[in-house]
Each structure stands twice: as structure tokens, then as C-alpha cells.
Amino acid sequence: MIRRAVLVAAATAALALSSTAAYAQCGGASWYGPGFNGKRAASGEIFNENAMTAAHRSLPFGTKVQVTDQSSGKSIEVVINDRGPFHGKRIIDLSKAAATALGFRNRGTTSVCLESN
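Rules of the game
- Residues numbered from 1 in each chain as written.
- Predicted model: local features only at pLDDT ≥ 70, side-chain atom pairs only at ≥ 80, totals over all residues.
- Heavy atoms only, no water.
- Salt bridge = Lys/Arg side-chain N within 4 Å of Asp/Glu carboxyl O.
- Helix = DSSP H or I, 4+ residues; strand = E, 2+ residues; numbered from the N terminus.
- Pairing = 2+ DSSP bridges.

Asker: Could you give me a rundown of the pattern of salt bridges, with the residues and numbers involved?
Answerer: For the structure shown, the criterion picks out two salt bridges. Its salt-bridge partner being Lys96, residue Glu49 comes within 3.7 Å of it at the nearest N-O pair. Linking Glu49 in the loop between β1 (23–32) and β2 (53–55) with Lys96 in helix α2 (residues 96–102), this pair joins segments that are 47 residues apart in sequence. When the shortest N-O distance is used, the salt bridge between Asp69 and Arg107 registers 3.6 Å.

Next up, the structure:
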């Protein structure tokens, strides 16, 4: 019984630390919108391709992330409200508006670095 209590306490502490700790990651980015606009995102909210939002595999919903395009140096802030991407080694799927703001919408993909506090 004591071992189980210790495991639960350790898991709770790890979860608390992971949701408040700074986060950084670099990798591929893509964008999505058409076909998903107006449908429910994994967070439960309605997806709006014209909002500054993104999908990430593991960051908590509501996390604000600074996304910097490595080729242009442009940075934007998005809110994680969906899960993905589930293609290749990409680390984030940005909304159509976010991809437009970073300037890679016509290319489809780019390399980015993510940062949150």
C-alpha cells in the first residue's frame, strides 16, 4: 500500500512539473484547416482555421507556444487546442492563419523551433 502511494505521489509530481516547466523543441511544421474548419478539435472546442492555434502530440491544451520559423526568423504565438501531427517527423500542425503569419502556407511545411514557459 505504501509503495502504491509513493508511485501515485511521484506520478502526480511529475505531471505538475511537466505542465509548468519550460519547453523547447525544434523540427518540422505543417498546417491544416480546409476540411477541419468548424469541426471539433481534440480539446473539445470548434476548430477555426483563422485563429492562431496549433496541434501538438503531447503539450497540454491551452499551452501558449512561441513558434519561430528557422528560415525567416519570424515568430508567432499560438495556443495548443488539438492533437497531431501524425505524419512523418513533424512536431506541430499550425492553423492556416498561423502558417500565413509565418509565411510558409504556400510551401506547406517548414522548420520551426517551439518555446513555452
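Asker: Lay out the pairing of strand β4 (residues 75–82) with the relevant residues and their values.
Answerer: Looking at chain direction, β2 and β4 are connected through three bridges and run parallel. Across the sheet, the residue bridging to Ala54 is Ile80, located in β4. Here strand β3 (residues 64–69) runs beside β4; their pairing, made up of five bridges, is antiparallel. Within β4, the residue paired with Thr68 across the bridge is Ser75. Between the antiparallel neighbours β3 and β4 lie five residues, among them Gly73 with a positive phi of about 80°.

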